[in-house]
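Structure assessment
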Amino acid sequence: MSATLDLEKGCTVDELLHGCIEAFDDEGKVRDPQLVRMFLMMHPWYIPSSELAAKLLQIYQESRGSKNSSLPVKTCHLVRYWISAFPAEFDLNPELAEQIKELKELLGREGSRRHSNLIDIESVPTYKWKRQVTQRHPVAQKKRKMSLLFDHLESGELAEHLTHLEYHSFSKILFQDYHSFVMHGCTVDNPILERFITLFNSVSQWIQLMVLSKPTAQQRAQVITRFVMVAQ
């Protein structure tokens with residue numbers, strides 16, 4: 001943990017923020033990456049990202065005339081780290097992205113080209129396509145026979161298929177989705193998380209079907225053994 005913070009006794013948001021800024025040196029090397037990453041990942045529980053960006057802008061402006069001459073560049077290093085570690089947050093939050101652009105423009109107007117160059121939000125990739133939920137439309141075509149049986153697949157192959165399906169869905173979930181679920185207690189207006197839960201439940205129900213479709217206890221035990229191997 002950071003030498004300037006005693007997290008066991010608890011800290012305010014401002015104390016944590018200043019601790020994260022001081023975790024960087026003038027060259028941008030971070031001495032306590034765990035603290036910085038934890039704070040940037042979990043801060044929405046305590047303060048909206050737009051308010052955090054406003055605090056960083058205020059700290060930068062106030063530090064320009066302070067005795068701590070390294071505080072402005074450290075603040076910029078923290079912003080750069082934030083963009084690099086959590087780019088989706090800036091792509092999916094226009095208000096936050098606009099505030100960071102204002103900070104960069106302020107640095108440019110004040111002649112702090114070195115500081116301004118540390119903040120590059122224009123290169124943040126778009127995550128909107130990754131967040132889109134596929135719409136399934138019925139297609140008028142000849143029906144094909146589909147099988148839910150897995151006898152033709154080895155345990156490793158089935159595990160790879162299931163892993164691919166879950167990863168494809170899981171990778172779309174952001175911290176904001178979990179936060180929304182906790183705050184609302186349901187998946188309202190959260191199609192990404194809803195789709196992942198549906199996939200998980202569908203796989204669970206399919207496993208139940210495969211077990212119960214066998215008429216004897218011995219056959220069912222063999223299916224259960226097979227799925228244990230898949231899980232391993």
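Going by the structure above, here's the rest.
What this report covers is the structure whose coordinates are included nearby. (Residues numbered from 1 in each chain as written. Predicted model: local features only at pLDDT ≥ 70, side-chain atom pairs only at ≥ 80, totals over all residues. Heavy atoms only, no water.)

1. A look at the overall build of the protein chain
Our working rule: Each helix is a run of DSSP H or I of at least 4 residues and each strand a run of E of at least 2, with the numbering of both proceeding from the N terminus. Only protein chains enter the accessibility calculation, which uses a 1.4 Å probe; a residue whose area is less than 20% of its type maximum is buried, one above 50% is exposed, and one in between is partly exposed. A contact between two residues is defined here by any heavy atoms of the two lying within 4.5 Å. Computed by Shrake-Rupley with a 1.4 Å probe, the accessible areas treat only the displayed protein chains as cover when residues are assessed.
Within the protein chain, the regular secondary structure consists of 12 helices and 0 strands. Listed by position from the N terminus, the elements making up the protein chain come as α-α-α-α-α-α-α-α-α-α-α-α. Taken over 232 residues, the protein chain has a buried fraction of 37%. In the protein chain, the proportion of contacts linking residues at least 24 apart, taken out of those at least 6 apart, comes to 63%. Roughly 15,400 Å² of accessible area belongs to the protein chain as shown, and the carbon and sulfur atoms make up 55% of that amount.

2. Focus on the pattern of salt bridges
Note the cut-off: Salt bridge, as used here: a side-chain nitrogen of Lys or Arg that lies within 4 Å of a carboxyl oxygen of Asp or Glu.
Under the criterion given, the structure shown has 2 salt bridges. The closest approach of N and O atoms between Asp-14 and Lys-55, which form a salt bridge, is 2.9 Å. One end of the pair, Asp-14, is in helix H1 (residues 13-22); the other, Lys-55, is in helix H3 (residues 49-63), and 41 residues separate them in sequence. Take Lys-55: its relative accessible area is 26%, and that puts it in the partly exposed class. Here Glu-22 ties to Lys-74 by a salt bridge, and the two come within 2.9 Å at their closest N and O atoms. Remark: Lys-74 occurs in helix H4 (residues 71-85) and Glu-22 occurs in helix H1; sequence separation between them is 52 residues. On the basis of relative accessible area, Glu-22 is assigned to the partly exposed category, the value being 24%. Judged by its relative accessible area of 9%, Lys-74 is buried.

3. Side note on a nonpolar patch on the surface
For clarity, the cut-off: Surface patches are drawn from residues lacking salt bridges whose relative accessible area is over 30%; two like charges belong together within 9 Å, two nonpolar side chains (Val, Leu, Ile, Met, Phe, Trp, Tyr) within 5 Å.
A cluster of nonpolar side chains, contributed by Trp-45, Tyr-46, Phe-181, Val-182, Met-183 and Ile-197, occupies part of the molecular surface with about 610 Å² of accessible area. The dominant element in the nonpolar patch, judged by the number of residues it contributes, is helix H10 (residues 175-184), at 3 residues. Mapped onto the secondary structure, Trp-45 falls in the loop between helix H2 (33-42) and H3.

4. A short note on the packing of H3 against helix H6 (residues 94-109)
Heads up, the rule is: Inter-axis angles, ranging from 0 to 180 degrees, are taken between N-to-C directions of lines fitted to C-alpha atoms, where helices are fitted over the stretch in contact. Roughly parallel here means an angle under 35 degrees, roughly antiparallel means over 145, roughly perpendicular means 65 to 115, and every remaining angle is called oblique. Under the grouping applied here, Gly and all other residues not named as nonpolar or charged are polar, the nonpolar ones being Ala, Val, Leu, Ile, Met, Phe, Trp, Tyr, Cys and Pro and the charged ones Asp, Glu, Lys and Arg.
Viewed as axis vectors pointing N to C, H3 and H6 meet at an angle of 10 degrees, and their least axial separation amounts to 8 Å. Between H3 and H6, the angle falls in the class roughly parallel. Counting all contacts with H3, which are made through Ser-49, Ser-50, Ala-53, Ala-54, Leu-57, Tyr-60 and Gln-61, the residues of H6 involved are Glu-95, Leu-96, Gln-99, Ile-100, Leu-103, Leu-106 and Leu-107. Residue classes in the contact of H3 with H6 are distributed as 9 nonpolar, 4 polar and 1 charged.

The values are spatial; any link to function lies outside them.
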